[in-house]
Amino acid sequence: MEGRAAAPGAGTVVNALATGRGAAFALDLETTATVELDPDAEGVTGAIAGAPDGDTTLIERCVERVVDRYGADEGGAVETESEVPTAAGLKSSSAAANATVVATLSALGLEVANDPDADVTKTEACRVGVRAARDAGVTVTGAFDDASASMLGGVTVTDNREDELLARDDPFAEHALVWTPPERAYSADADTAACERVAPMAELATELALDGEYARAMTVNGLAFSAALGFPTDPAVEAMADCAGVSLSGTGPSVVAVGDRGALTAVRERWEDRDGETRLTRTRETGTRVL
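Residues numbered from 1 in each chain as written. Predicted model: local features only at pLDDT ≥ 70, side-chain atom pairs only at ≥ 80, totals over all residues. Heavy atoms only, no water.

Chemist: Can you walk me through unusual backbone geometry in this structure?
Modeler: With the exception of glycine, most residues fall at negative phi, and the peptide bonds are largely trans. The step from Gly252 to Pro253 runs through a cis peptide bond, and the omega angle for that step is 5°. Inspection of the secondary structure puts Pro253 in the loop between β10 (245-248) and β11 (255-259). One non-glycine residue, Asp73, adopts positive backbone phi at about 65°. With respect to the element layout, Asp73 can be found in the loop between α1 (57-70) and β4 (75-82). Judged by its relative accessible area of 65%, Asp73 falls in the exposed class. (Helix = DSSP H or I, 4+ residues; strand = E, 2+ residues; numbered from the N terminus. Buried < 20%, exposed > 50% of the residue type's maximum accessible area, 1.4 Å probe, protein only.)

Structure representation (structure tokens):
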């Protein structure tokens, strides 16, 4: 019983740490999960390609939650490999959880789709991964905004307190530029009190997102949360004249700009003077997929 699936990372439109409501969009950077289930195996073992000492609690818990709900007490193994950098604000945990959940459902022979007549809807599969992320302690809010964007594709607006999807739309830009500095930041370690102090700006950004003004929401969010979390606003200011929107992604440290590819190339030239790595990529209309 084997299943494989791939899930994209995502960028932030609105960080949910301040108010519980957030928004995110899928990026064309993928995590792949391979799950092998065995009715005779006891427990689940996990592995992360290229990271022999990596924490596998999340992906193991994803398999366990799927089997508990949809299977028959199968054990097995899960391995992930990823082009989404970890602890960089690009939703690596959500991508890993989604890929693992869908791969496990595939191994059980269950169809996952947006169709309400499917064995499991994509939204419910997403919620399984969110619950596993809470179990594993890798998220503060549950990250339903990030997870839904990764699972469904496009851009989503959510209430993370209720795991409720408020809106889902096609991507609001085709191209994205990502700058990731060398340092890393873990979502579970974020200063939530500092984030709550910028709640008025987060509320404004959320209302803009619900009105479909995703790029403006992104920029408002980025300036507010960069200040709250102690990240420089210089990269965003350098990008503003040449992009539709730019934001600190998640709790950092990555910054993501969206817009015209040619204009983003000019931004990339500025950002490449900084330490770290830049990636010129695309947004994604499609989300998690079975391989």
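Chemist: Would you mind going over helix α9 (residues 261-271) with me for this structure?
Modeler: Structurally, the α-helix is built with 3.6 residues per turn, so residues lying three or four positions apart point the same way. Buried within α9 are the following residues: Ala263, Leu264, Val267 and Trp271. All buried residues of α9 lie within an arc of 95° about the axis, which places them on one face of the element. Where the residues of α9 are buried, they touch β9 (175-180), α8 (234-240), β10, β11 and β12 (277-282). Two to three positions downstream of the cap, the backbone nitrogen of Gly262 sits 3.0 Å from a side-chain oxygen, assigning the N-cap of α9 to Asp260. (Arc of directions from axis to C-beta. Contact = heavy atoms within 4.5 Å. Polar contact = N/O pair within 3.5 Å; in protein donor to acceptor, adjacent residues only side chain to side chain.)

Chemist: Where do I start with the packing of aromatic side chains in this structure?
Modeler: What characterises a pair of aromatic rings is the spacing of the ring centres plus the angle enclosed by the ring planes. Across all of its chains, the model carries two aromatic pairs by this definition. With 5.3 Å between their ring centres and 80° between their planes, Phe25 and Phe172 make a pair best called edge-to-face. In this pair, Phe25 sits in strand β2 (residues 21-38) while Phe172 sits in the loop between β8 (164-169) and β9, placing the two residues 147 residues apart along the sequence. Ring centres of Phe172 and Tyr214 lie 5.4 Å apart, and the angle between their planes is 40°; this geometry places the pair in the tilted category. One end of the pair, Phe172, is in the loop between β8 and β9; the other, Tyr214, is in helix α7 (residues 214-229), and 42 residues separate them in sequence. (Phe/Tyr/Trp six-rings, centres within 6.5 Å; stacked < 30°, edge-to-face > 60°.)

Chemist: Looking at this model, I keep getting lost on the environment of Cys195. Mind explaining?
Modeler: Turning to its location among the elements, Cys195 is positioned in helix α5 (residues 192-196). On the accessibility criterion, Cys195 (0% relative accessible area) is buried. In this structure the C-alpha to C-alpha distance between Cys195 and Ala6, which are 189 residues apart in sequence, comes to 31 Å. Every residue in contact with Cys195, bar those within four places of it in the chain, is listed here: Leu17, Ala18, Phe225, Ala228 and Leu229.

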